[in-house]
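# A closer look at the structure
The residues making up each chain are set out below.
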Amino acid sequence: MGQLIRLFFWGMLISFLGSLPLGTMNVAATHIAVQQGVADAMAFCLAATLIEIAYVRVSLVAMSWISRQKKLFRLFEWLTILILLALATGSFIAALQQAGLGKALPLHIAHPFLLGGALSATNPLHISFWFGWSTVLLNKGILCPRRDNYNLYIAGIGLGSLLGYFVFIFGGEYLVNRLNANQNLLNWIIGSVLLLTVIIQLYKMRVKGKEKGGRIRAMAYRLAHWETWHYLAKYIPLAPVWLWHCLRSGSAWFFTPSNPSLTFGGFEGESKMEMFEQLPAGTYPKSVLIPHALAIHELEIKLSAGAFNFPLAVKPDVGMMGFMFRKIDSLEKLIEYHQKMPVDYIIQDLVRWPLEVSVFYYRMPNEKKGAITGFIRKEFLQVTGDGVRTLWELLLDYPRVRFRLEEMRSKHESRLHEIIPAREIFILSNALNLSRGGKLVSLEHEKDERLLGVFDGISHYAGHFYYGRYDIKCASIDALKRGENFSILEYNGCGAEPHHIYGNGNTLFQAYGIVLHHWKMLARISRYNHKMGVPYWGFRRGWVFLRKAKRHFKMLRELDKTTQL
C-alpha cells in the first residue's frame, strides 16, 4: 500500500511542477478565469487534463510492452535520456534568450471545454514528457507494470495537473505577471532539475550496468571478439555459398549423404547412442540410454546392471552445446535429474583423463587416408579466487562471462555470495563447449602422421564417418597419438563447426576461408556418396526434422538455465 501511495504522490508532484512553467495552457486558463469566470476556466482545465491522462495511458501501454522486451527497453532508456536532455536544453535556451510571454488567445472563448481538449490534444509534448518520466520511475522501481500502479499513477497525474491549473486560475493575472517577470529564473531552475535528472539516470544506468555485467563493456567485448557473435551474424554473409552448394546438388539438404549411417548426416538432431554404437569398443565411455519415462526403481536396476559408480556424467541423447550436461555425485541427484528431464538421456562413466581436445577430420569415401584440419585443446570456463571477493564479484570482473551472467546466476545461485579462497579454481561450467564459455587453444603444431593414423583407423572402423569433429578426453597428446588412454565423448557429424577457426588467432576473414574450405569438402563427400546410392533427404522430411530439433533444443536451453545440478 505504501508503494502505491508513494507512486501517487510522485505522479502528482511531477505533473504539478511540470505545469508551472508559463505556456499556452496555463496562460489560457488564467485569461479565461479573469475574463469569463472560474467555472469556464475549470471546464477548460478539466478537458485539458482528461486528454493529458489519456495520452499518459497510451504511453504506459507502450511502456508495458517495451519493458518486457529487454533489448528494446535498453534502447528506450537511452531515448529517455535524450528526451530529458532536450527538455533541459530547451529550458536553458529560453532562459538565455529571455523569451517573454505573448498573448495569442482571444479574450472571449465560447466553448472553453472544447478549447481545452483541442489545445491539449495538439500538444505533442505530452507523450514524450510522460514517456520519459515513466521510464525513470520504472527504472527506479517506483512504477511497476501493473494495472493498480497505472491507475494510481494516472490519478496522481490528473490531480497534479489540476492543482497546477488551479494555481493560475485563482492566482489570476498577478501570478502570471510575477512568474513572467521571473521566467528566466524559473527556466534556469527547471533546466537544472532536468539536467540533474539526466545525470542521476546515467549514474543509475551505470550502476545497473555493472550489476548486470556492464552492458556497455560486455557489448564492446563482444564487438571486438567476433567468436562471441550469434552464429547468424557470423554465417549470414556466407549464405550465398551455402545456397550454391544446395543448387548444385539439387537438394536443400545437400549434406545428408556425408555420413550415411548418421541421421540427417549428423547435421543436427542425431542420437548420441546412434553414434557411439558405430565406434570401436573401448574408444568411448561406458554408456546406457535412459528413457525419460522410466520408473525410478528401473533406473536403479539399470544403474546397478551397468556397474556404474558415482560420480558419473549425464546428458541428453539428442543434445547440443552442453545443454543439460551434468556431473552427478549421488543417486539422489541422479533421481532429481531424471525427474527433471522430459527427454531420453545417457548415463556415462565420468571420464577422468585431464585433457580435452577436439579433432576435425574428413576423408573422401574412395580414399584410404583422410585429413586432420583442426586440433585444439579445451579449457573450462572458470574463475580463480582471491580470498577477498565473492563469486558474484569475480564474475562481474571477468569479461568472458559478462554476457552470460543470468545463466551463471541460475547455475550458482547458492554460492554467489561466497568468498572464493585465494588461488582456488571455481569451474563455472562442466561443459567445455565454446558456446558454454569454454576456451579453445590451438594444437596446430601437434598434428602429424601418428595422429592422422589414429583417426583414419576410427573412420574405417565406423565405415561411414567421413566428415565431422571428434571431442575427446585423453591422458596426454602423446597417449592420443599412440591410440591409448583416450575416450571419445562425441562425434559431431556434418553440422560440426571447425572449432580451430577460434583457437588460432584468426581474423574473421581468415575464419571464413577455413569454413568455406570445409563446406567445399562436405559437398564433395556428399556428392560422391550420392553417386554411390545414398539419397538426399526430401525437402519436407528435412524441414519437419529440423523444426522438431529446434523445438527440442530450445526446450533444453531453457531447462538448462533453471536447473541447479
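The structure presented is a predicted model; accordingly, all values stated were derived computationally and were not measured.

Below, the discussion takes up the overall build of the chain. Helices and strands together make up the secondary structure of the chain, namely 20 helices and eleven strands. Every one of the 565 residues in the chain was classed for burial, and the buried ones make up 48%. Taking the contacts inside the chain whose residues are at least 6 apart along the sequence as the reference set, 76% of them involve residues at least 24 apart. Surface summary for the chain: the accessible area is close to 27400 Å², and the carbon and sulfur share equals 62%.

Let us now look at the sheet that holds strand β1 (residues 287–290). As summarised here, the arrangement of the four strands in space is β1-β4-β2-β3, forming an open sheet in which the pairing is antiparallel. Edge strands, defined here as strands with exactly one partner in the open sheet, are β1 and β3 (326–328). Pairs of neighbouring strands in the sheet enclose a mean axial angle of 30 degrees, with direction left out of account. As judged from the three bridges shared by strand β2 (residues 312–316) and β3, these two strands associate in the antiparallel manner.

A full pass over the atoms with the stated rule returns 20 salt bridges. In this structure, the salt-bridge partner of D471 is R469, at a minimum N-O distance of 3.2 Å. Comparing D471 with R469, the two get one shared label, buried. Bridged by salt links that share partners, the residues E356, K378, R469 and D471 form one connected network.

Bringing the pairing of β2 into the picture now. Among the five residues that make up β2, five are buried, leaving the element largely enclosed by the rest of the structure. Because side chains alternate across β2, one face comprises the buried residues L312, V314 and P316, and the other comprises A313 and K315, equally buried. In the sheet, β2 pairs with strand β4 (residues 345–349) via five bridges, with the strands oriented antiparallel. When the sheet's bridge partners are listed, L312 is paired in β4 with D349.

Now for unusual backbone geometry. In the segment running from F310 into P311, the intervening peptide bond is cis, with an omega of 0 degrees. Assignment of secondary structure puts P311 in the loop between α13 (296–305) and β2. With a phi angle near 60 degrees, F264 is a residue other than glycine that sits in the positive phi range. Note on placement: F264 falls in the loop between α11 (239–249) and α12 (272–276).

Across its 24 residues, helix α19 (residues 508–531) extends 35 Å between first and last C-alpha, which sits within 8% of the 34 Å expected from 1.5 Å per residue. Every buried residue of α19 is listed here: L508, A511, Y512, V515, H518, W519, M521, L522, A523, I525, S526 and N529. Check the buried side of α19 and you find it contacts α10 (231–235), α11, β5 (355–362), β6 (371–379) and β10 (467–474). G533 lies just past α19 and shows a positive phi near 110 degrees.

Basis of the calculations
- Residues numbered from 1 in each chain as written.
- Predicted model: local features only at pLDDT ≥ 70, side-chain atom pairs only at ≥ 80, totals over all residues.
- Heavy atoms only, no water.
- Helix = DSSP H or I, 4+ residues; strand = E, 2+ residues; numbered from the N terminus.
- Buried < 20%, exposed > 50% of the residue type's maximum accessible area, 1.4 Å probe, protein only.
- Contact = heavy atoms within 4.5 Å.
- Areas by Shrake-Rupley, 256 points an atom, 1.4 Å probe, with all protein chains shown as cover.
- Pairing = 2+ DSSP bridges.
- Axes fitted to C-alpha atoms, helices over the stretch in contact; angles between N-to-C directions.
- Salt bridge = Lys/Arg side-chain N within 4 Å of Asp/Glu carboxyl O.
- Expected span 1.5 Å × (residues − 1).

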